[in-house]
Amino acid sequence: MLHQSAIWIAFAAYLLFLLVVAGYEHIKEKNRSARGFLTAGGSIPWPLLVMTYLASLMSTWVFFAGPGGYYRGGLGYWVSELSYIVLFPVVAHFTMNKVWLLNHARGYTTPADFYDDRFKSPLLRVILSLIFLVSSFPYIASVLVSIGQAAGVATGGAMDYRAVICIVGIVIILYVMIGGMKSVATTDTIQGLLFISLLWVIAAACLLIGFGGSLSRAVSSIWENTNAWFSYPGPDGWVPYGSRLGYPLSCAIGWTIMLPHVFVRSGYSGKDLRTQRKLMVLTPVLQAFVWTGTMVIGLVGIALLPGLAQGDTELIIPYMINNVIQNINPQLAVFLMLAFFIGASAVGISTADSFLLVSSSIVYEDIIHHTLGIELSEKKKMLVIRITIAVIGGISVLLALRPPQLIYTLIMFAIAIVMPLFPILVFAIYWKRATKQAAIVSAVLGTALVLATYFVWDIGGTWYGAIGMLGSTVSMVAVSLLTKPDETASREFYQALEQTADEFYETENIASGDRHCESASAAD
């Protein structure tokens, strides 16, 4: 176990670094607009966008329940995880690249801005803002809970859980209030590289200590002692046939597209179309790299220590460090436990800061400004946004101090509840016949079906938001055919989409032609 002074020193240095980055961005762009503060105004280059997207997408699941999930779920669970990744480039190409084109012309801030621009419905904006907010709070609180638990596990319970929650919460609130989206993107990039590196260091060290670095020996051990790990649906039945559809859909759509913090990143923040395409191509590769590292830890865990109880597998990384590596190499055990804590903190903070920023934008832009109609100067607007960040962060800290028992279940529920909004997005882009009445009914019915899936039928753990998304799709078509579209209201939306697409694709064709001519001249 680590001494708590070592954790506090490392943690203090890490949190100080976050504040320094935020202060630097604040000084560099002191006079930026509220939109620039909240979304970076479409100016983030592809290396930062890819990493802030990935880091904000991942959560402490990577270091906590993730390896335990592969321990209990088996090889089929890993295949299920990878199956949704191939959907991302397709979905992003046909939806979020279009959203980016519209944002370039229309200047959106919140996810609801896109929907309101198409359907011109204040009621729809309110409904969507509430749904997106509901999806945000469980994530922020769960991250704080996990970091507090990680500190306790790493020090054998010596660190005070409440103190860790309060300090981490305050620092996250401060650095988001000071720096905004650009500082978050910068720190997310560094935190993303950090947690990926530490994840694979832990995986490699466990494999080296347990099996001399031989993956084939680890696999052979599982085959001899727990060959159900290679079966379908796995030793604990984690991937039943129903979830082969529900789980990949929830990840490919709810998790990687529709959660508000990734919606803003994939649709609003990129610098240009080249950036969008880099995001579309590199994100699946990096996701596969992360989940494979997590799977390797679970694989080594069940190879070394088969038959563990579920509670032990939830913390398989520190369990292996304390019960295997500590007995063989105590110095390496100390380093790996510190890596576990810092890695879990890095991936957690990069998720919490992103949700905190987008939640504050939803409260101000969607509720205070558009719904209540309150107009403020740019200076007062920034003040209100920062106060909102503090309030939302404070509520999340209070929730984390006394977390409900279902907080991790609420994370998957948060992913599911935004899934019915995806068909509305698709029809908004590709079907001019879609109406605002249909969008409202679709959002309400889809959300109601997700609630029923979890709290009435008790099949949320299999289907997640798939049933809600199906209901949303059907109602979107049916109600649109029964109501009259307002072509005047959506005219500017489609004109902006067509004009921006023509502008960017023509620019790309010209640039491609210039490069071809230069190559031909060089050859001559």
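Residues numbered from 1 in each chain as written. Predicted model: local features only at pLDDT ≥ 70, side-chain atom pairs only at ≥ 80, totals over all residues. Heavy atoms only, no water.

A.B. asks: An account of the overall build of the chain is needed here, citing residue identities and associated values.
C.D. replies: Helix and strand counts for the chain stand at 23 helices and zero strands. Computed over C-alpha atoms, the radius of gyration of the chain comes to 24 Å, within 12% of the 24 Å expected from 2.2 N^0.38 for 524 residues, which places it in the range of a compact globule. Projected onto its principal axes, the C-alpha positions of the chain cover 70 × 70 × 50 Å. Residues counted as buried form 57% of the 524 residues belonging to the chain. Each charge sign in the chain was given a centre, from 30 positive and 30 negative side chains, and these centres are 4 Å apart. (Helix = DSSP H or I, 4+ residues; strand = E, 2+ residues; numbered from the N terminus. Rg over C-alpha atoms; globule rule 2.2 N^0.38 Å. Buried < 20%, exposed > 50% of the residue type's maximum accessible area, 1.4 Å probe, protein only. Lys, Arg positive; Asp, Glu negative; His and termini not counted. Charge placed at Lys NZ, Arg CZ, Asp CG, Glu CD.)

A.B. asks: Just give me the short version of the nonpolar core, but keep the residues and values in it.
C.D. replies: In this structure, F63, F114, F195, W255 and M258 are the most contacted members of the largest nonpolar core, which totals 176 residues. When residues in this core are grouped by element, the largest group, 23 residues, is from helix α9 (residues 161-211). (Core = buried A, V, L, I, M, F, W, Y, C linked by side-chain atoms within 4.5 Å.)

A.B. asks: So what's going on with the packing of helix α13 (residues 273-304) against helix α15 (residues 316-328)? Residues and values would help.
C.D. replies: It is the contact of α13 with α15, at a shortest axis distance of 10 Å, that shows an interaxial angle of 45 degrees. Regarding the angle of α13 to α15, the classification is oblique. Handedness of the α13/α15 crossing: left-handed. Contacts between α13 and α15 involve I297, V300, G301 and L304 from the first element and I316, I317, M320 and V324 from the second. For the contact of α13 with α15, the residue count by class is seven nonpolar, one polar and no charged. (Axes fitted to C-alpha atoms, helices over the stretch in contact; angles between N-to-C directions. Parallel < 35°, antiparallel > 145°, perpendicular 65-115°, else oblique. Left-handed = near helix turned anticlockwise from the far one by under 90°. Contact = heavy atoms within 4.5 Å. Nonpolar A, V, L, I, M, F, W, Y, C, P; charged D, E, K, R; others polar.)

A.B. asks: Account for the environment of C251, with residues named and values stated.
C.D. replies: Along the chain, C251 falls in helix α11 (residues 243-258). Its relative accessible area of 5% is what places C251 among the buried residues. In this structure the C-alpha to C-alpha distance between C251 and A416, which are 165 residues apart in sequence, comes to 9.0 Å.

A.B. asks: How would you explain the environment of M58 if you had to name every residue and give the values?
C.D. replies: As for its position among the elements, M58 is in the loop between α3 (46-57) and α4 (65-73). You can call M58 buried: its relative accessible area is 0%. Here the alpha-carbon distance between M58 and S350, two residues 292 residues apart in the chain, equals 8.2 Å.

A.B. asks: Tell me about unusual backbone geometry, and please be specific about residues and values.
C.D. replies: Its identity as a non-glycine residue notwithstanding, D458 has a phi of 55 degrees, on the positive side. Residue position: D458 is located in the loop between α20 (436-455) and α21 (460-463). D458 gets classed as exposed once you look at its relative accessible area, which sits at 67%.

A.B. asks: With reference to specific residues and values, describe the packing of α3 against helix α12 (residues 260-267).
C.D. replies: Where α3 contacts α12, the axes come no closer than 10 Å and their chain directions differ by 170 degrees. Classified by the angle between their axes, α3 and α12 sit roughly antiparallel to one another. Across from L49, T52, Y53, S56 and L57 in α3, the residues of α12 making contact are H261, V262, R265 and S266. A class-by-class count of the residues in the contact of α3 with α12 yields four nonpolar, four polar and one charged.

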